[in-house]
Amino acid sequence: MQVKHVHTILIISLFLAISLHAQKSLPGKALRSGSFQTVEDTMDINNIELQIDNSGGIADVNVSYYPAGSSLSFLFSAGVGLTGIVNGELRTGWSHRNSLIDELQPGPIGANPSDSLDGIYEVTSDDTFGSENYIAWEKAVMAGADFQDLNGDGVYDPNIDRPDLLGDKTLWTVYNDVTDLAQRSPRLMTSPLNIEIQQTVWGYESTDDVGDIIFFRYRVINKGSDTIEDAILTFTADPDIG
């Protein structure tokens, strides 16, 4: 496994773990053509109000604000993308919607993009054992999310174990790039990389500098049968400042 850590300074920090050698696929609402719908949630635990969706999109067209609760939009659109070489062929898996690039869809590879497992799972430091968010996290674990296995039995139990809570609020979702060419038009139009991205977003309820930061962790897994060479993960942003 190749592990990298990438940090950006501005308002978003990224933590990246990449495994790009081929792995076996696991069994198992993003198409803008209307085949299915995206699910959206907002990270609003501190001074930033940032909207994300379950197919890699961030702040899609002026829906995120700083300071939180104001009408001051600081980000037009943002997203994540992976580029690499598979058997000598350049391939991409990108979400960059302000450039009409929307190659990602909700869920693990092999799952129905409209499945109920493919949402955004939320947990906060106010949640407790047996709470609604702890119970819902069981579906996140089924889709690939981590949890704190407090009794060491390897099975998530919302009455005993804790979700993978980072900071005071965590949002978790998973998406993949196995989309058809119709969704990849009219821009990059490559074949999929066969990647799955497990995304964790968290923040701290704080009045100091950390209250102006939202953290992103991307776990990128190659679910295809081929190694991805020269892989580059990119975080793109179209900010509106001033």
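Residues numbered from 1 in each chain as written. Predicted model: local features only at pLDDT ≥ 70, side-chain atom pairs only at ≥ 80, totals over all residues. Heavy atoms only, no water.

Caption draft 1: The overall build of the protein, seen in detail. Check the secondary structure of the protein and you find two helices and 16 strands. When each of the 242 residues of the protein is scored for burial, the buried share is 47%. Summed over all atoms, the accessible surface of the protein reaches about 11200 Å², with 52% contributed by carbon and sulfur. (Helix = DSSP H or I, 4+ residues; strand = E, 2+ residues; numbered from the N terminus. Buried < 20%, exposed > 50% of the residue type's maximum accessible area, 1.4 Å probe, protein only. Areas by Shrake-Rupley, 256 points an atom, 1.4 Å probe, with all protein chains shown as cover.)

Caption draft 2: Spatial organisation of the environment of D168. Mapped onto the fold, D168 is located in the loop between strand 12 (162-163) and strand 13 (169-176). The sequence separation of D168 and T124 amounts to 44 residues, and the corresponding C-alpha distance is 5.4 Å. In contact with D168, not counting residues within four places along its chain, are I45, V123, T124, S125, G203, Y204 and E205. Engagement of the side chain of D168 in a polar contact is seen with the backbone nitrogen of E205, the distance being 2.8 Å. (Contact = heavy atoms within 4.5 Å. Polar contact = N/O pair within 3.5 Å; in protein donor to acceptor, adjacent residues only side chain to side chain.)

Caption draft 3: Local environment of the packing of aromatic side chains. Counted under the stated rule, the structure contains seven aromatic pairs. For the pair F216 and Y218, a centre-to-centre distance of 6.0 Å together with 35° between the ring planes defines the contact as tilted. Both residues of the pair, F216 and Y218, count as buried. Three or more aromatic residues link up through ring pairs in this structure, and these residues are W202, Y204 and F215. (Phe/Tyr/Trp six-rings, centres within 6.5 Å; stacked < 30°, edge-to-face > 60°.)

Caption draft 4: Region of interest: the side chain of S77. Residue placement: S77 occurs in strand 6 (residues 75-86). The buried category is assigned to S77, whose relative accessible area is 2%. The residues contacting S77, other than those within four sequence positions of it, are I58, A59, D60, V61, R97, N98, A237 and D238.

Caption draft 5: Spatial organisation of the pattern of salt bridges. A complete count under the given rule lists 10 salt bridges for this structure. Linking D44 and K169 is a salt bridge whose minimum nitrogen-to-oxygen distance equals 2.7 Å. Residue D44 is located in the loop between strand 3 (40-43) and strand 4 (50-53), and its partner K169 is located in strand 13; the two are separated by 125 residues in the primary sequence. Taking relative accessible area as the criterion, K169 reaches 6% and is therefore assigned buried. The shortest N-O distance in the salt bridge between R217 and D164 comes to 2.8 Å. Taken together, the residues R217 in strand 15 (residues 214-222) and D164 in the loop between strand 12 and strand 13 connect sequence positions 53 residues apart. A single salt-bridge network, built from bridges that share partners, covers D44, E122 and K169. (Salt bridge = Lys/Arg side-chain N within 4 Å of Asp/Glu carboxyl O.)

Caption draft 6: Looking closely at helix 1 (residues 132-143). With 12 residues, helix 1 should cover 16 Å at 1.5 Å per step; its first-to-last C-alpha distance of 18 Å lies within 8% of that length. When we look at burial in helix 1, the residues that qualify are Y134, W137, A140 and A143. Buried residues in helix 1, looked at end-on, bunch into an arc of 130°, giving them a common side. Within helix 1, the exposed residues directed more than 90 degrees away from the buried face are E132 and M142. Looking at the packing, one finds that the buried side of helix 1 touches strand 10 (121-124), strand 11 (147-148), strand 12, strand 13 and strand 14 (195-203). Looking one or two residues beyond helix 1, the residue adopting positive phi is G144, at roughly 125°. (Expected span 1.5 Å × (residues − 1). Arc of directions from axis to C-beta.)

Caption draft 7: Quick look at unusual backbone geometry. Residue P67 follows Y66 across a cis peptide bond; omega there is -5°. Residue position: P67 is located in the loop between strand 5 (57-58) and strand 6. At the junction of S185 and P186, the peptide bond is cis and its omega measures out at 5° in the coordinates. For P186, the location among the structural elements is in the loop between helix 2 (181-184) and strand 14. With phi around 50°, N87 is a residue other than glycine that occupies positive phi space. Mapped onto the elements, N87 comes out in the loop between strand 6 and strand 7 (89-96).

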